[in-house]
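Chain and residue survey
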Amino acid sequence: FNCMALTSAQGVLALLDEPETEIKVHAIKKLDKMVDNFWAEIANAIGKIESLYDDEKFQSRDVAALVASKVFYHLEELDDALRYALCAGNAFNLTVKNDYVDTLLAKCIDEYIRVRS
């Protein structure tokens, strides 16, 4: 049990600058768990997160894409949020019922209708 509540994502974000891949993997997974509370702070590091996704050797690219998607969702950039959610593959869990998933599913349906007409 954790008696100290996190008040910032800065410590975890700093781990993205570490040279060891394992540390970056740990950081991106931790950011996924905290993105809904600290998205504004994490948004300042969106370039680093996108770079992790772009790195084909990075083993948690799907989680990096998911974190990017959630940040873009909170920024109300739904096109980017949807694009990264689709890149996240199985990390984007459609069975979770929350505003993020519901909004992106609606966006996906709207986009499908737009493309089909």
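Below is a short write-up of the structure. Each chain carries its own residue numbering, running from 1 in the written order of its sequence. In view of the model being predicted, local features appear only for residues whose pLDDT reaches at least 70, and side-chain atom pairs are presented and counted only at 80 or more, with totals across whole chains, interfaces and linings using the full set of residues. Hydrogen atoms and water are omitted, and side-chain values are computed over all heavy atoms in the structure.

**Considering the overall build of the chain**
Helix and strand counts for the chain stand at six helices and zero strands. When the helices and strands of the chain are read in sequence order from the N terminus, they spell out α-α-α-α-α-α. Relative to the 2.2 N^0.38 estimate, which gives 13 Å for 117 residues, the radius of gyration of the chain is 15 Å and therefore close to what a compact globule would have. With the C-alpha coordinates of the chain rotated into their principal frame, the extents come out at 50 × 35 × 25 Å. Throughout, exposure labels follow a simple rule: accessible area from a 1.4 Å probe, protein chains only, divided by the maximum for the residue type, with under 20% read as buried, over 50% as exposed, and the rest as partly exposed. Counting over 117 residues, the chain shows a buried share of 34%. Whether two residues are in contact is decided by their heavy atoms: any pair within 4.5 Å suffices. A fraction of 57% describes how many contacts in the chain between residues 6 or more apart in sequence connect residues 24 or more apart. The accessible surface values rely on the Shrake-Rupley method and a 1.4 Å probe; as for residues, cover is taken only from the protein chains in view. Summed over all atoms, the accessible surface of the chain reaches about 7,400 Å², with 52% contributed by carbon and sulfur. Positive charges come from Lys and Arg alone, negative charges from Asp and Glu alone, with His and the N- and C-terminal ends not counted. A single reference atom marks each charge: NZ on Lys, CZ on Arg, CG on Asp, CD on Glu. On the chain, the mean spot of the 13 positive side-chain charges and the mean spot of the 20 negative ones are 4 Å from each other. Secondary structure elements are taken from DSSP: a helix is a run of H or I of four residues or more, a strand is a run of E of two residues or more, and numbering for both begins at the N terminus. For the radius of gyration, the atom set is restricted to C-alpha positions; the globular benchmark scales as 2.2 Å times the number of residues to the power 0.38.

**What about the layout of surface pockets?**
Take a probe with the size of a water molecule and roll it over the atoms, and the empty space left behind shows itself. Only protein atoms enter the 1 Å grid used here, on which a cavity is any set of points holding a 1.4 Å probe that cannot leave and a pocket is any open set flanked by protein within 12 Å on both sides along at least five of seven lines; residues with an atom within 4 Å of a point are listed as lining. Grid points are joined across faces, edges and corners, and a volume is the space filled by probe spheres set on the points. The volume enclosed by the largest pocket comes to roughly 170 Å³. Every residue lining the largest pocket is counted, 13 residues in all, and those nearest its centre are Lys70, Val96, Asn98, Tyr100 and Val101. Those elements that place two or more of their residues in the lining of the largest pocket are α4 (61-74) and α6 (99-116). The dominant element in the lining of the largest pocket, judged by the number of residues it contributes, is α4, at four residues. When residues are sorted by character, Ala, Val, Leu, Ile, Met, Phe, Trp, Tyr, Cys and Pro go into the nonpolar class, Asp, Glu, Lys and Arg into the charged class, and all the rest, Gly among them, into the polar class. A per-class count over the lining of the largest pocket returns seven nonpolar, three polar and three charged.

**Things to note about the environment of alanine 14**
Among the secondary structure elements, alanine 14 is positioned in helix α1 (residues 10-15). Along the backbone, alanine 14 and lysine 24 are ten residues apart, and their C-alpha atoms lie at a distance of 9.5 Å.

**Digging into the side chain of serine 69**
Mapped onto the secondary structure, serine 69 falls in helix α4. Residue classification places serine 69 among the buried positions, given a relative accessible area of 0%. Setting aside anything within four residues of it in sequence, one finds serine 69 in contact with Ala81, Tyr84, Ala85, Tyr100 and Leu104.

**A word on helix α5 (residues 78-87)**
Here α5 has its buried residues at Ala81, Leu82, Tyr84 and Ala85. Packed against the buried residues of α5 are α3 (46-54), α4 and α6. Glycine 89, located one to two residues past α5, shows a positive phi value of around 60 degrees.

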